[in-house]
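Close look at the chain arrangement
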Amino acid sequence: MAELAKQESWDLVIKPGSATKEYWFDLWRYRELFFILSWRDISVRYKQTIIGVLWAVLRPLLTMLVFTIVFGKIAKLPSERQAPYALMVYAAMLPWQFFATAVQESSNSLVSNASLISKVYFPRLIIPTSSIITSFVDFILSFAILLVLMAYYRFPPTWNMLLLPGFLLMAVLTAMGIGLYVTSLNVKFRDFRYVIPFIIQIGLYISPVGFSSSIIPEQYRLWYSLNPMVGVIDGFRWAILGGQSQLYWPGLLLSVGILLFFLWLGLSTFRKMERTFADMI
Amino acid sequence: MSVVISIENLGKSYMIGHQGEERRYVAMRDVISDGMRKWWSRLRHPEYYTHENLEEFWALSNLNLEVREGERLGVIGRNGAGKTTLLKLLSRITEPTTGQINIRGRVASLLEVGTGFHPELTGRENIYLNGAILGMSRQEVRRKFDEIVDFSGVEQFLDTPVKRYSSGMHVRLGFSVAAHLEPEILVVDEVLAVGDASFQKKCIGKMNSVAKEGRTVLFVSHQMQAVSNLCNRAILLDRAKVVKEGGTDEVINSYLNEKATGKVVALKDRKDRQGNGKLRLVDTWVEDEKNNRLANVIMGKTVKICVRYEIPDGKAVNGLNVAFAVNSLQNIQISDLSNVTTGDDFFAPIPSNGIITCVIKKLPLNIGTYTYNIMIRENNNDILDYIVEAGKFDVTEGDFFGTGKITASDRLIMMEHNWKISPIGIV
């Protein structure tokens, strides 16, 4: 009995595998670190150069320009009904760019914060997720540009826009799932980082960024939605272009399912690898 | 006083690659090519196929320890004894493999000063960042901000990015943040090795006052002086185990007098040697003036490096050229010691069993671990035996200049020197 009382009075018991139980509680306890790391990444990014801001603006704009010329003007692919081609591309660039930077940033985050990981304890999940937040700032900047573009094309927003946060959440969760998975691989296989830009590059072309997913033949449309970014991009177009774009519900639901799968895969892989990160880095 | 840390059967093992070099992470390229090779060799020789090429290495094993409230416990031991592993386990950076640690109270660990400092951010910003990393809330940092700045003495540079700080300022700022943590248990690793003497004194003072407030301090250091100033109890770790526990001075003494028996492979069993084998090196050690074998020598004292050899077939050897090359742990060759350069020639006849001793009158090495290579040649320059890193010794701090001041730093060598100042007269 005395033994039991003694046991209960410990504040912390460290033993093999004990990290799991307290993990989610710890995540909450360390929320301040999460905010401060995000703040650090953001302020470093925009402090170093004015180019930081400029880049966030230029990158989607230039890509939009190229895609509009190549796919819209030269290949003469159709836009979504009456919407200007450039606007349609830009509406897709928003989530894509966010996704691509988030995956890239989070995949490098653990390795570049190696000194932290080997010197201090905190739930490691904080690092890749806080770097996803950093990409969010770029997103806000690009979104401001979208509003300017819409004004330029005299394209009024519709009520659909109100659902944009929902699709944004989808983009965040997709980026998180894939980002966490890639992050774990990146710590384990240090040469994996050379593969990531390549995968992202391919992703840009197999996702409906430069073209409308309505040009995909009807019978393949569902298969096409196995790529979770298809649902996200279609959702963005629907929300931004309003009545000019239609939602393909089965595809969207499938994309949600796939993204939940990736989220589970990412989280569980990350959690499994996490306890050995400090030993491997 | 109640027990605040209780450690039972604690163990931590790492898997290390068998082929010498320790590979902690893998490249996908290697996994793929290894996989192919294994598959191929299994196909050809299924009987030889072995599954794993990894070896388990216990950095700590079966460790039991109790620390009471308000105790200042020093943890000492040579490199690789498991000190840092223990701290990493206590601060939850890695998970134990066996056993458990029970802790009462908030633990703050300081394995490095200024962890997470970002060079682009200003001193002010880094205080908040570092505070959060060490587990302080923003309000807590804000409340102690002035104190932290005061203690660090970098107030003029608060709004300068820390990349422009000198390394001393960096350390001072880092320690100041850490010093204002208010944990019940403070775990400190070797952080005082950096920073100037006056700041070190300030840090020890701070840690003392932390302990006086009834908080517990665990302190790991190579600087015996610092340990004996701060701690009231100490443990000595050696090869993953606690080998001694008790009063600080007693434990420090036994560390310093520890016999040089800790070699992994005895010299006579070493296979990685070059030379024609006419003469074989069978043992090497370091001893003091009174011929006591030591693993730890004190800087500035007389030290003898000895090597015992045998001439197995009793063949005549035509004189000996003996050379020791002393290396730092970073593999910088610090000095060559040779009987030819000092004029102490060994002419034939050479005894077929003997001990060669090299006396260094006043050891000019700074604290740290050093190894030495031994090469023995015949007079005609044929190599008889040559072993890289044949022996190893640790140098601990001492009164090099004979002034009563203990001098030690992370520089490599000590130099005898004098100073003077002279006025320049107007001619």
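The residue numbering used here restarts from 1 in each chain and proceeds along that chain's sequence as written. A letter from A marks each chain and a number from 1 marks each ligand, given out in the order of writing. For this predicted model, a pLDDT threshold of at least 70 governs which residues receive local features, and a threshold of 80 or more governs which side-chain atom pairs are given and counted, while totals over whole chains, interfaces and linings are taken from all residues.

1. Quick look at the overall build of chain B
- Counting secondary structure elements, chain B contains eight helices and 19 strands.
- Any residue with 12 or fewer other C-beta atoms within 10 Å of its own C-beta is exposed, any with 20 or more is buried, and the rest are partly exposed; the C-beta atoms used are placed from the backbone. Burial analysis of chain B (427 residues in total) assigns 36% to the buried set. Secondary structure counts use DSSP, requiring at least four H or I residues in a row for a helix and at least two E residues in a row for a strand, with both numbered from the N terminus.

2. Thoughts on the overall build of chain A
- Across its full length, chain A carries twelve helices and one strand.
- Going from the N terminus to the C terminus, chain A shows its helices and strands as α-β-α-α-α-α-α-α-α-α-α-α-α.
- Expressed as a percentage of the 281 residues in chain A, the buried residues total 41%.
- C-beta atoms are placed from the backbone for every residue, and two residues are taken to be in contact when these atoms lie within 7 Å. At a minimum sequence separation of 6, the contacts of chain A that also span at least 24 residues come to 82%.

3. Quick look at the nonpolar core
- If you look at the biggest cluster of nonpolar residues, it comprises 130 residues, and the most contacted ones within it are Ala175(A) and Phe219(B).
- Here this core takes 16 residues from helix α5 (residues 85-112) of chain A, the largest share from any one element.
- In this structure, Phe219(B) is in contact with Arg72(B), Leu73(B), Gly74(B), Val75(B), Val188(B), Val227(B), Leu230(B) and Cys231(B), ignoring residues within four places of it in sequence.
- In terms of nonpolar packing, the next biggest core, distinct from the first, is built from 33 residues, Leu294(B), Leu365(B), Ile387(B) and Phe400(B) among them. A set of buried Ala, Val, Leu, Ile, Met, Phe, Trp, Tyr and Cys residues, joined through C-beta atoms within 7 Å, is what we mean by a nonpolar core.

4. Focus on the interface of chain B and chain A
- If you look at the interface, chain B gives 37 residues, while chain A gives 33 residues.
- Of all elements in the fold, only α1 (28-44), β4 (98-103) and α3 (123-133) of chain B reach the threshold of two or more residues within the side of chain B that touches chain A.
- Among the elements that make up the side of chain B that touches chain A, the one with the highest residue count is β4(B) (six residues).
- When residues are grouped by polarity, Ala, Val, Leu, Ile, Met, Phe, Trp, Tyr, Cys and Pro land in nonpolar, Asp, Glu, Lys and Arg in charged, and all others, Gly among them, in polar. For the side of chain B that touches chain A, a count of residues per class yields 17 nonpolar, twelve polar and eight charged.

5. What about the sheet that holds strand β11 (residues 280-287) of chain B?
Residue and element names in this part refer to chain B.
- By the convention used here, strands pair only if DSSP detects at least 2 bridges between them. With antiparallel pairing, four strands are arranged side by side in an open sheet as β12-β11-β14-β17. Since the sheet does not close on itself, it has two edges, and those belong to β12 (293-294) and β17 (353-360), each with one partner.
- The pairing of β11 with β12 spans two bridges and is antiparallel. What sits directly across from valine 286, in β12, is leucine 294.

6. Brief notes about the packing of helix α8 (residues 164-188) of chain A against helix α12 (residues 249-280) of chain A
Residues and elements named next belong to chain A.
- Note on definitions: angles span 0 to 180 degrees between N-to-C directions of axes, and those axes are lines fitted to C-alpha atoms, for helices only across the stretch in contact. Two elements in contact, α8 and α12, have axes whose closest approach is 7 Å; the angle formed by their N-to-C orientations is 35°. Pair α8 / α12 crosses with left-handed handedness.
- When the residues that make up the contact of α8 with α12 are grouped by side-chain class, the tally is 17 nonpolar, seven polar and one charged. Here a crossing is called left-handed whenever its near helix is offset anticlockwise from the far helix by less than a right angle, and right-handed whenever the offset is clockwise.

7. Thoughts on helix α7 (residues 126-152) of chain A
Residue and element names in this part refer to chain A.
- One fewer than the residue count of a helix, multiplied by 1.5 Å, yields its expected span. The end-to-end C-alpha distance of α7, which contains 27 residues, comes to 40 Å, matching closely the 39 Å that a straight helix rising 1.5 Å per residue would cover.
- Looking at α7, one finds that the buried residues are Ile126, Ile127, Pro128, Thr129, Ser130, Ser131, Ile132, Thr134, Ser135, Asp138, Phe139 and Ser142.
- Within two residues after α7, arginine 154 carries a phi angle of roughly 50°, on the positive side.

8. Section: the confidence of the model for chain B
All names here are of chain B.
- For every residue, the pLDDT score states the predictor's confidence, bounded by 0 at the bottom and 100 at the top. Mean pLDDT over chain B works out to 82, with 88% of the residues at or above the 70 mark.
- Long-range and interchain partners of residues 18-23, a stretch whose pLDDT sits below 50, account for six contacts in this model, where long-range means more than four residues apart.
- Confidence over residues 259-263 falls short of pLDDT 50; this stretch has nine contacts with residues more than four positions distant or in other chains.
- On the interface metric, ipTM, the complex scores 0.80, and its pTM is 0.70.

9. Here's the deal with the packing of α3(B) against helix α4 (residues 138-152) of chain B
All names here are of chain B.
- Two numbers describe how α3 lies on α4: the axes approach to 10 Å, and their chain directions differ by 130°. Classified by the interaxial angle, the pair formed by α3 and α4 is oblique. Pair α3 / α4 crosses with right-handed handedness. Mapping the contact onto sequence places Ile127, Tyr128 and Gly131 in α3 and Arg138, Val141, Phe145 and Ile148 in α4.
- Tallied by class, the residues present in the contact of α3 with α4 amount to five nonpolar, one polar and one charged. By the definition adopted for this analysis, an angle is roughly parallel if under 35 degrees, roughly antiparallel if over 145, roughly perpendicular if from 65 to 115, and oblique otherwise.

10. What to know about the sheet that holds strand β8 (residues 233-238) of chain B
All names here are of chain B.
- Reading across the sheet, the six strands line up as β5-β6-β7-β3-β8-β9 and stay open at both edges, with mixed pairing between neighbours. Each edge of the sheet is formed by a strand with only one pairing partner; in this case those strands are β5 (107-110) and β9 (241-246). Each strand of the sheet is rotated relative to its neighbour by a mean of 15°, with strand direction disregarded.
- In terms of strand pairing, strand β3 (residues 72-76) meets β8 through four bridges, oriented parallel.

11. A few points about the environment of Gly231(A)
Residues and elements named next belong to chain A.
- One can find glycine 231 in helix α11 (residues 228-241).
- A sequence separation of 24 residues divides glycine 231 from serine 255, and the C-alpha atoms of the two residues are 5.2 Å apart.
- Look past the residues within four positions of glycine 231 in its chain and what remains in contact with it is Met170, Ser225, Gly251, Leu252, Ser255 and Val256.

12. Quick word on the environment of Ile376(B)
Residue and element names in this part refer to chain B.
- Residue position: isoleucine 376 is located in strand β18 (residues 368-378).
- As a C-alpha pair, isoleucine 376 and leucine 281 span 95 residues in sequence and 8.8 Å in three-dimensional space.
- Residues contacting isoleucine 376, with those up to four places away along its chain left out, are Leu279, Leu281, Leu320, Val322, Leu384 and Asp385.

13. Points about unusual backbone geometry
Residues and elements named next belong to chain B.
- Phi is positive for arginine 92, close to 65°, though the residue is something other than glycine.
- Considering the arrangement of structural elements, one finds arginine 92 in the loop between α2 (83-90) and β4.
- In this structure arginine 92 comes out as buried when scored by C-beta crowding, with 22 C-beta atoms within 10 Å.
- One non-glycine residue, asparagine 381, adopts positive backbone phi at about 75°.
- Judged by C-beta crowding, with 7 C-beta atoms within 10 Å, asparagine 381 ranks as exposed.

14. Things to note about the environment of Leu58(A)
- Turning to its location among the elements, Leu58(A) is positioned in helix α4 (residues 50-74).
- For the pair Leu58(A) and Ile145(A), spaced 87 residues apart in sequence, the C-alpha separation works out to 9.8 Å.

15. Thoughts on the confidence of the model for chain A
- Chain-level statistics for chain A give a pLDDT mean of 85 and a share of 93% at 70 or above.
- Under a pLDDT of 50 for its full length, residues 1-5 of chain A has, in the predicted model, zero contacts with residues more than four places off or in other chains.

16. Re α5(A)
All names here are of chain A.
- Its 28 residues place the ends of α5 39 Å apart at the C-alpha level, agreeing with the 40 Å of an ideal helix rising 1.5 Å per residue.
- Along α5, the largest kink reaches about 30° and is centred on methionine 93; proline proline 95 follows within four residues of it.
- With respect to burial, α5 is a largely interior element, 23 of its 28 residues being buried. In this scheme, the bend at a residue equals the angle between the axes fitted to the seven residues that finish there and the seven that begin there.

17. Quick look at the pairing of strand β7 (residues 216-220) of chain B
All names here are of chain B.
- For β7, the buried fraction is high: five of the five residues fall into the buried class.
- Where burial is concerned, the two faces of β7 agree: the one with Thr216, Leu218 and Val220 and the one with Val217 and Phe219 are both buried.
- As paired strands, β3 and β7 are joined by four bridges and run parallel to one another. Residue pairing for β7: valine 75 is matched across the bridge by valine 220.
- Taken together, the five bridges between strand β6 (residues 185-189) and β7 define a ladder with parallel strand orientation. Residue pairing in the sheet places valine 188 in a bridge with phenylalanine 219 of β7.

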